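This is what each chain is made of:
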Amino acid sequence: MELQAVLMAAGGGSRMMDLTYNTPKPLLPVGNKPLIWYPLNLLERVGFEEVIVITTKEVQKMISTDPKVKLDVKMKLDLVCIQEDADMGTADALRHIQQKVKTDVLVVSCDLITDAALHEVVDLFRAHNATLSMLMSKAHEFTETVPGQKGKKKTGEQRDFVGVDGTGKRLLFMANEADLDEGVVIRKSIMRKHPRMHIKTGLVDAHLYCLKKSVVDFLADNKSISSIRGELVPYLVRKQFSKSTNSPKVIDETHQNLKKNDSNVNLEIQISSRDEELLHLTQERSCWNDHRGDMSDAYHGGRLRCYVHIMDEGICYRVNTLAAYIEANRLAPKLFDEPAVHPSAVVSERCLIGADSIIGASCQISDKTSIKRSTIGVSTTVREKVKVTNSIIMHGVTIEEGCNIQGSVICSNAVIGRGADIKYCLVGSAQRIEPDAERTNEVIVGTDQLMEI
Amino acid sequence: GTSVVVYMVPQYSSIHIAAVVVSMFSTIICGFLFLLVVKRLPEHVQVDDPAVVKRLAKKLERQQIPLRSDYGYKVSLFSHLHQYSRKAPLTQLLSIPSTVIHPSIVRLGLQYSQGIVAGSNARSVALLHAFKQVIRDYTTPPNEELSRDLVNKLKPYISFLNQCRPLSASMGNAIKYIKKEISNIPSQCKEEEAKTKLLTCIDRYIEEKIVLAAKAISKYAIEKISDGDVILVYGYSSLVNNILCEAFEKSRKFRVIVVDSRPRLEGREALRRLVQRGISCTYVLISALSYILPEVSKVFLGAHALLANGYVMSRVGTSQIALVARTYNVPVLVCCETYKFCERVQTDSFVSNELDDPDDLMVTRKGKTQLENWQDVSSLGLLNLVYDVTPPDFVDLVITDLGMIPCTSVPVVLRVKNLDQ
């Protein structure tokens, strides 16, 4: 077996609490499918037959009991539950399933929506015998107005500095602005080996990583690393150029198995890729070099290599903020070609449904309604003379007559009273908007949620 | 066929009938033998024949290997060969945790098609390494024999590797050797024992045919290098590099001229390795060959394969070097291990060759690529040949691990090898 897929679905969605306080993030509807469906669909399309899904007990219960949550994936899902309050990072979760990991892993986050060609990432991993291979994409500006945002958009979160070499494939440097005090510090050893480095800041990390099995074993021994993205990846990128990993050590294959079980095993041996003598002979006889201009061998003799595939075009979104959620809802229909209007929805003839709207199953759309650029969830009732534009309506919502909803997100089971005028608002789960209300640019959530904070 | 003497008998008799029957029988037998001895033309040189292409597609479908499609306009003289693009790897048609093909074979195929493993020796060693992994992970299914089932398991892998990059002659010989070893495993042998036997066979093959052969060739070649020599090498040959490094270590005083050619520019790597050792080198492109040749005292060339009629198949440009060297009366020495000798006969570089990605010929300088839209120009074809054949009249000596032989003795070596086997 070559690769095992691990899907991280235990995240809390801490940056969009308004949406996730009632529905866990993996089950948020995007284009009327749960968010977790998208990475699962990606893995299935590419050819995986089973996935290890790390999630919370709540999500597991909802997946199995809730009929609205359709997971029509044919793969075998191995659900591993972790305690929600254990505050486990992604690396902690990997450590938790160390026993199940038998080969190299492909770690995917549940909030990734992409149509990337995964073989590009995996080919880098295979061809160069890399320790880490990841996917990144050029960030797109979010054009939709985000409900509940007062004033100018914040200048954004801390930037990521990603340094790649001339080919754009080898990952040389990775740091987050939060970790840097005064400026970007690059070691001389890196500059000596790679004098030309391109540092990019406008990239989105898709949180899709191919990791060697030895990295998972290393995590088991080093319990201080808790997040893959925040700690493990920068550590591996830095370790590529550290002196200890580059000392020539030709480790025999028979010793590999012994050393794996030895608890006092050396960190460098664990992390560095184990080249057999034959591979060494091959490299010696082969006339290929990944760089030119200096006297060193291919890869500068380094055993640990990190690669990145940067997507120029195509869809790649991490749905972890409200803005990303809205953008993803706009683009999600392009990823699957099901009919926009579900066959079981009851849509009356005298309503205008735009071509880029999605109507979910068992909906009831009454006369004289106009639905443009919106997503209507499952089992939603929309009464007469309602205008819905640019909005996301989740499941089980009731919209009474004469409402006007624009640029808003209405969460599940909410009720919008008749004649209400909602512009750029976020209406929380099971909230009631009184009739003839006029709300603009507000976040309407329940009082119990406010008290939680 | 046979020459059958049929003697006319005036009347029908049993002898006459018997003679006719015997002659028919023997012609049929000879017909079969003829088919067995004469090999059919391989599929990779009949790409312009749609029937052959269809047969290949069917075979690949049966083995569950995806078919790699040809790319770009092919120059008409070479339209019978495959031409693939490096930007369309075979892996995009495979499932990602590859189940049909062993992961180490997928990795190997990727490394071949991207050029990470290049060079006849490197490719053979990498192939044998991957086969070792395959054998290690192999388990005999019930009611099957290892000697037959393992060979059948290897066939789709070989087709896959062929699709990634056409097999070299050295790889072909290595595969023949492994298949023979596997078939010779006695049926009462236990699986673990059989596997260890095969693994040691592979290790021994590499040790004998590649590593020790290189040492033997170096020993012979160093006798031919005298102090004050100016040696010309072309491109990158692991064997020639090895010889020069060993000669330098044995304190011979010589300098090297490295001749290089586009688009591969393999000479740069050869140059790096020689300079790293401390050998003084000069670097020229092949267009400067006749300018530099008056300085040269010997030419050392590596070979991809040695054909049965004494022709040397090597990187494209080698025949030019040999031709110009002959004109200047500079001795040309070809170094080649015996496991690269193959029974094919070829007198020109057209009939069997390899076409590399034509996009490699495009060069970007100061942000501009002149040939960017070469596909749109209907009368333009880009040709990126990989190999060419050098006639034996231009080669003065072939240094093999069996000794130093003239080019015309190659069929003798092949015959002796076949007798051994």
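Residues numbered from 1 in each chain as written. Chains lettered and ligands numbered in written order. Predicted model: local features only at pLDDT ≥ 70, side-chain atom pairs only at ≥ 80, totals over all residues. Heavy atoms only, no water.

*Asks:* Just give me the short version of the packing of helix 7 (residues 213-221) of chain A against helix 8 (residues 228-239) of chain A, but keep the residues and values in it.
*Replies:* All names here are of chain A. Packing of helix 7 against helix 8 brings their axes to within 13 Å, and their N-to-C directions diverge by 115°. Of the two possible hands of crossing, helix 7 and helix 8 adopt the one that is right-handed. Contacts between helix 7 and helix 8 pair Val215, Phe218 and Leu219 from the former with Leu232, Tyr235 and Leu236 from the latter. (Axes fitted to C-alpha atoms, helices over the stretch in contact; angles between N-to-C directions. Helix = DSSP H or I, 4+ residues; strand = E, 2+ residues; numbered from the N terminus. Left-handed = near helix turned anticlockwise from the far one by under 90°. Contact = heavy atoms within 4.5 Å.)

*Asks:* Pulling in residues and values, what's your account of the interface of chain A and chain B?
*Replies:* When the parts come together, some accessible area is lost, and that loss is often what is quoted as the size of the interface. Listed as interface residues are 33 residues of chain A and, on the opposing side, 40 residues of chain B. By the criterion of area lost to chain B, the three top residues of chain A are Arg126, Arg285 and Cys287 of chain A, representing 24% of everything that side buries. Counting every contact that joins chain A to chain B gives 1 salt bridge. Among the ionic pairs, Asp297 of chain A bridges to Arg272 of chain B, the shortest N-O distance being 3.1 Å. Our count for the chain A to chain B interface comes out at 18 residue pairs in polar contact (both at pLDDT 80 or more). Considering every element that reaches the side of chain A that touches chain B, the biggest residue donor is helix 11 (residues 277-285) of chain A, with 7 residues. Each residue belonging to the side of chain A that touches chain B can be placed in one class, and the counts come to 14 nonpolar, 9 polar and 10 charged. (Buried area = accessible area lost by both parts, 1.4 Å probe. Salt bridge = Lys/Arg side-chain N within 4 Å of Asp/Glu carboxyl O. Polar contact = N/O pair within 3.5 Å; in protein donor to acceptor, adjacent residues only side chain to side chain. Nonpolar A, V, L, I, M, F, W, Y, C, P; charged D, E, K, R; others polar.)

*Asks:* Go over unusual backbone geometry with me, naming the residues and quoting the values.
*Replies:* Residues and elements named next belong to chain B. Cis geometry marks the peptide bond from Arg262 to Pro263; its omega dihedral reads -5°. Within the secondary structure, Pro263 is located in the loop between strand 2 (254-260) and helix 9 (267-277). Here the phi dihedral of Asn329 falls at roughly 60°; this positive angle occurs in a residue that is not glycine. Inspection of the secondary structure assignment puts Asn329 in the loop between helix 11 (318-327) and strand 7 (332-335). Note on Asn329: relative accessible area 65%, which makes it exposed. (Buried < 20%, exposed > 50% of the residue type's maximum accessible area, 1.4 Å probe, protein only.)

*Asks:* Account for helix 5 (residues 118-127) of chain A, with residues named and values stated.
*Replies:* Residue and element names in this part refer to chain A. The buried count for helix 5 comes to 9 of 10 residues, which makes it a mostly enclosed element. Buried within helix 5 we find Leu118, His119, Val121, Val122, Asp123, Leu124, Phe125, Arg126 and Ala127. Looking at the residues trailing helix 5, positive phi occurs at Asn129, about 50°.

*Asks:* An account of the nonpolar core is needed here, citing residue identities and associated values.
*Replies:* With 61 residues, the main nonpolar core has Leu19, Phe48, Leu106, Leu208 and Tyr325 of chain A as its most contacted residues. In this view, Phe48 of chain A contacts Leu3, Gln4, Ala5, Leu43, Met75 and Leu106 of chain A together with Ile96 and Pro97 of chain B; residues no more than four positions away in its chain are not counted. (Core = buried A, V, L, I, M, F, W, Y, C linked by side-chain atoms within 4.5 Å.)

*Asks:* Describe the environment of Leu212 of chain B, listing the residues and the values that go with them.
*Replies:* Residue and element names in this part refer to chain B. Note that Leu212 resides in helix 7 (residues 191-224). Owing to a relative accessible area of 40%, Leu212 belongs among the partly exposed residues under this scheme. Distance in space between the C-alpha atoms of Leu212 and Glu337 is 9.9 Å, their sequence separation being 125 residues.

*Asks:* Can you tell me about the sheet that holds strand 32 (residues 443-444) of chain A, naming the residues and giving the values?
*Replies:* The strands making up a sheet associate through hydrogen bonds between their backbones, and the pairing can be parallel or antiparallel. Residues and elements named next belong to chain A. A sheet is described by the order of its strands in space; here 6 strands give the open sequence 17-20-23-26-29-32, paired in parallel fashion. Each edge of the sheet is formed by a strand with only one pairing partner; in this case those strands are strand 17 (358-359) and strand 32. When strand 26 (residues 409-410) meets strand 29 (residues 426-427), the two strands line up parallel, connected through 2 bridges. Directly across from Ile410, in strand 29, lies its bridge partner Val427. (Pairing = 2+ DSSP bridges.)

*Asks:* Mind laying out the side chain of Thr398 of chain A, listing which residues take part and the relevant values?
*Replies:* Positionally, Thr398 of chain A belongs in strand 24 (residues 398-399). Residue contacts for Thr398 of chain A: discarding those within four places in its chain leaves Thr381, Arg383, Ala414, Val415 and Ile416 of chain A.

*Asks:* Now, about the sheet that holds strand 28 (residues 421-423) of chain A: what can you tell me, with residues and values included?
*Replies:* All names here are of chain A. One open sheet accounts for 6 strands, arranged 16-19-22-25-28-31; its pairing is parallel. Each edge of the open sheet is held by one strand with a lone partner, namely strand 16 (352-353) and strand 31 (438-440). The pairing of strand 19 (residues 370-372) with strand 22 (residues 387-389) spans 3 bridges and is classified as parallel. Looking across to strand 22, one finds that Lys372 is bridged to Thr389.

*Asks:* Now, about the state of the cysteines: what can you tell me, with residues and values included?
*Replies:* All names here are of chain B. Scanning the model with the defined rule gives 0 disulfides over all chains in all. No disulfide involves Cys201; its sulfur sits 11 Å from the nearest other cysteine sulfur, which is in Cys189. Relative accessible area serves as the criterion here: at 7%, Cys201 is assigned to the buried category. (Disulfide = S-S within 2.5 Å.)

*Asks:* Lay out the UniProt feature "domain: EIF2B subunit epsilon/gamma LbH" (unreviewed entry) in chain A in plain terms, naming residues and giving numbers.
*Replies:* Taking the numbering used here, the UniProt-annotated feature "domain: EIF2B subunit epsilon/gamma LbH" (unreviewed entry) corresponds to residues 344-436 of chain A. Secondary structure across residues 344-436 of chain A comprises 0% helix and 39% strand; the distance between its end C-alpha atoms is 31 Å. (UniProt positions renumbered as here; feature names shortened; annotations may be inferred.)

*Asks:* An account of a positive patch on the surface is requested, with residue identities and associated values reported.
*Replies:* All names here are of chain A. There is a patch of like positive charges on the surface, built from Arg187, Lys188, Arg192, Arg238 and Lys243. If you trace the backbone, Lys188 turns up in helix 6 (residues 188-193). Taking relative accessible area as the criterion, Lys188 reaches 63% and is therefore assigned exposed. (Patch = residues over 30% accessible without salt bridge, like charges linked within 9 Å, V, L, I, M, F, W, Y side chains within 5 Å. Areas by Shrake-Rupley, 256 points an atom, 1.4 Å probe, with all protein chains shown as cover. Lys, Arg positive; Asp, Glu negative; His and termini not counted. Charge placed at Lys NZ, Arg CZ, Asp CG, Glu CD.)

*Asks:* Describe the confidence of the model for chain B, listing the residues and the values that go with them.
*Replies:* Residues and elements named next belong to chain B. Per-residue pLDDT for chain B has a mean of 89; in total, 91% of the residues score no lower than 70. Within chain B, no element has a lower average pLDDT than helix 1 (residues 14-37), which sits at 61, and none a higher one than strand 2, at 97. When the criterion is pLDDT under 50, residues 1-6 qualifies, and its contacts beyond four places in sequence or with other chains add up to 4 contacts. The ipTM assigned to the predicted complex is 0.84, against a pTM of 0.87. (pLDDT = per-residue confidence, 0-100.)

*Asks:* Requested: an account of the pattern of salt bridges, with residues and values cited.
*Replies:* Any two side chains of opposite charge can pair, so long as their charged atoms come close to each other. Inspection of every chain in the model, using the stated rule, returns 41 salt bridges over all chains. Lys213 of chain A serves as the salt-bridge partner of Asp217 of chain A, at 3.4 Å between the closest nitrogen and oxygen. Taken together, the residues span about one helical turn, with Asp217 of chain A and Lys213 of chain A both in helix 7 at a distance of 4 residues. Comparing Asp217 of chain A with Lys213 of chain A shows no difference in burial state: the two are buried. Close ionic contact of Glu246 of chain B with Lys250 of chain B constitutes a salt bridge, the shortest N to O distance being 3.9 Å.

*Asks:* I'd love a proper account of the packing of aromatic side chains, names of residues and values included.
*Replies:* Any aromatic ring pair is given by two values, namely how distant the centres are and how the planes are angled relative to each other. Scanning the model with the defined rule gives 7 aromatic pairs over all chains in all. Here Trp37 of chain A and Tyr38 of chain A contribute two aromatic rings whose centre-to-centre distance is 5.2 Å and whose plane-to-plane angle is 90°, an arrangement assigned as edge-to-face. Judged by its relative accessible area of 6%, Trp37 of chain A falls in the buried class. Through a chain of ring-to-ring contacts, the aromatic side chains of Tyr177, Tyr205 and Tyr339 of chain B assemble into a single cluster. Here the basic side chain of Lys33 of chain A rests over the ring of Trp37 of chain A, its NZ or CZ set 4.7 Å away from the ring centre. (Phe/Tyr/Trp six-rings, centres within 6.5 Å; stacked < 30°, edge-to-face > 60°. Lys NZ or Arg CZ within 6 Å of the ring centre and 35° of its normal.)

*Asks:* So what's going on with the side chain of Asp165 of chain A? Which residues, and what values?
*Replies:* Residues and elements named next belong to chain A. Within the secondary structure, Asp165 is located in the loop between strand 9 (160-164) and strand 10 (171-176). Salt bridges are absent for the buried Asp165, whose nearest opposite-charge side chain, Arg170, sits at 6.1 Å. Among the polar contacts made by the side chain of Asp165, one reaches the side chain of Thr167 at a distance of 2.9 Å.

*Asks:* A description of helix 11 of chain A should follow, citing residues and the corresponding values.
*Replies:* Looking at helix 11 of chain A, one finds that the buried residues are Leu278, Leu281, Thr282 and Arg285 of chain A. Seen end-on, helix 11 of chain A carries its buried residues on one side only, within an arc spanning 100°. Against the buried residues of helix 11 of chain A lie helix 4 (120-136), helix 7 and helix 8 (238-249) of chain B. (Arc of directions from axis to C-beta.)

*Asks:* So, the pairing of strand 7 of chain B: which residues are in play, and what are the values?
*Replies:* Residue and element names in this part refer to chain B. Of the two faces of strand 7, the one carrying Val332 and Val334 and the one carrying Leu333 and Cys335 are both buried. Two strands pair when backbone bridges link them, and strand 4 (residues 298-302) and strand 7 are joined in this way by 4 bridges, in the parallel orientation. Looking at strand 7, one finds that Leu301 is bridged to Val334. Inspection of the sheet shows strand 7 paired to strand 11 (residues 397-400) by 3 bridges, in the parallel sense. Each residue of the ladder has a partner; that of Val334, found in strand 11, is Val398.

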